[in-house]
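Chain by chain, the residues run as shown.
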Amino acid sequence: MPMRLNPVPGIKLQGMATAWPEELLGSGARKSDADVYAEILGPDWQSVLAERNWDTSRTFDKLGVRSRSWTRGSEVGSVELAILAAEKALADAELSPDQLDCIVAATCSPNFISSTVAAKVAKHLKTDAAAIDVRAGGAGGLNGLATAALYHSAGCGVSLVVAAEVSSKYLGEHDLSN
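Quick notes on the rules
Residues numbered from 1 in each chain as written. Predicted model: local features only at pLDDT ≥ 70, side-chain atom pairs only at ≥ 80, totals over all residues. Heavy atoms only, no water. Axes fitted to C-alpha atoms, helices over the stretch in contact; angles between N-to-C directions. Helix = DSSP H or I, 4+ residues; strand = E, 2+ residues; numbered from the N terminus. Parallel < 35°, antiparallel > 145°, perpendicular 65-115°, else oblique. Left-handed = near helix turned anticlockwise from the far one by under 90°. Contact = heavy atoms within 4.5 Å. Buried < 20%, exposed > 50% of the residue type's maximum accessible area, 1.4 Å probe, protein only. Pairing = 2+ DSSP bridges. Arc of directions from axis to C-beta. Core = buried A, V, L, I, M, F, W, Y, C linked by side-chain atoms within 4.5 Å.

Q: Lay out the packing of helix α5 (residues 78–93) against helix α6 (residues 118–125) in plain terms, naming residues and giving numbers.
A: Where α5 contacts α6, the axes come no closer than 9 Å and their chain directions differ by 55 degrees. The orientation of α5 relative to α6 falls into the category oblique. Along this stretch, α5 crosses α6, giving a crossing that reads as right-handed. Seen from α5, the contacting residues are V79, A82, I83, A86, E87 and L90; seen from α6, they are K120, V121, H124 and L125.

Have a look at this one:
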């Protein structure tokens with residue numbers, strides 16, 4: 001039986017923003033499939049693909065991806081992207097950090113496996129808002145929104161929800177799983 005959730009009155013989406021590694025690292029953070037293969041598989045990447053009977057267009061054919069944002073080998077992680085997105089979303093919503101009651105940060109790729117992203121965003125914004133992390137990939141942003149809605153229904157006022165992923169940092173050598 002599917003789970004059904006009732007609407008939570010008083011919730012509105014007031015501002016939105018995106019942040020990309022290219023904004024912090026420049027255009028070099030955008031990698032073509034060939035660049036990604038070379039980084040993961042090494043200089044003989046074309047032979048590795050040939051051994052698997054994979055064409056260089058496989059990623060596009062399978063996933064529709066022609067290029068990727070890439071943070072591997074840089075100091076930019078999910079915290080830095082979350083901070084940039086948070087600042088832009090607050091500006092779009094015309095809100096200041098002192099108006100926040102709660103920050104929910106969703107990621108499956110934190111800078112450090114046991115560290116909090118939300119608390120680092122709160123510290124950067126100089127707010128004492130509650131900081132809650134949601135560890136979820138893919139639908140993490142949606143899980144973050146649902147978490148904020150639950151806190152709102154319990155009396156929390158203004159929430160900031162950010163989702164940030166830096167999957168390239170977690171790819172192992174010869175990892176062609178995605």
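Q: Lay out the pairing of strand β5 (residues 159–163) in plain terms, naming residues and giving numbers.
A: Successive side chains on a regular strand alternate, one facing one side of the sheet and the next facing the other. Only one face of β5 is buried: it carries L160 and V162, and the other face, with S159, V161 and A163, is open. Where strand β3 (residues 102–106) meets β5, five bridges bridge the pair, whose relative direction is parallel. Bridged to A105 within β5 is V162.

Q: Describe helix α2 (residues 33–41), naming the residues involved and giving the relevant values.
A: Within the span of α2, buried status applies to D33, V36, Y37, I40 and L41. For α2, the angular spread of the buried residues around the axis is 105 degrees, confining them to a single face. At its buried positions, α2 is contacted by β1 (30–32), α3 (45–51), α4 (58–63) and β2 (67–69).

Q: Before we move on, could you go through the nonpolar core and cite the residues and values that matter?
A: Formed by 26 residues in total, the largest nonpolar core has its most connected members in L100, I103, V121, L125 and L160. Breaking this core down by element, the ones donating at least two residues are α5, β3, α6 and β5. Considering every element that reaches this core, the biggest residue donor is α5, with 10 residues. Beyond its immediate sequence surroundings of up to four residues, I103 is in contact with A118, V121, A122, L125, T127, A129, A130, A131, I132 and L160. Formed by nine residues, the second largest nonpolar core is a distinct cluster that contains Y37, L41, W45 and L49.

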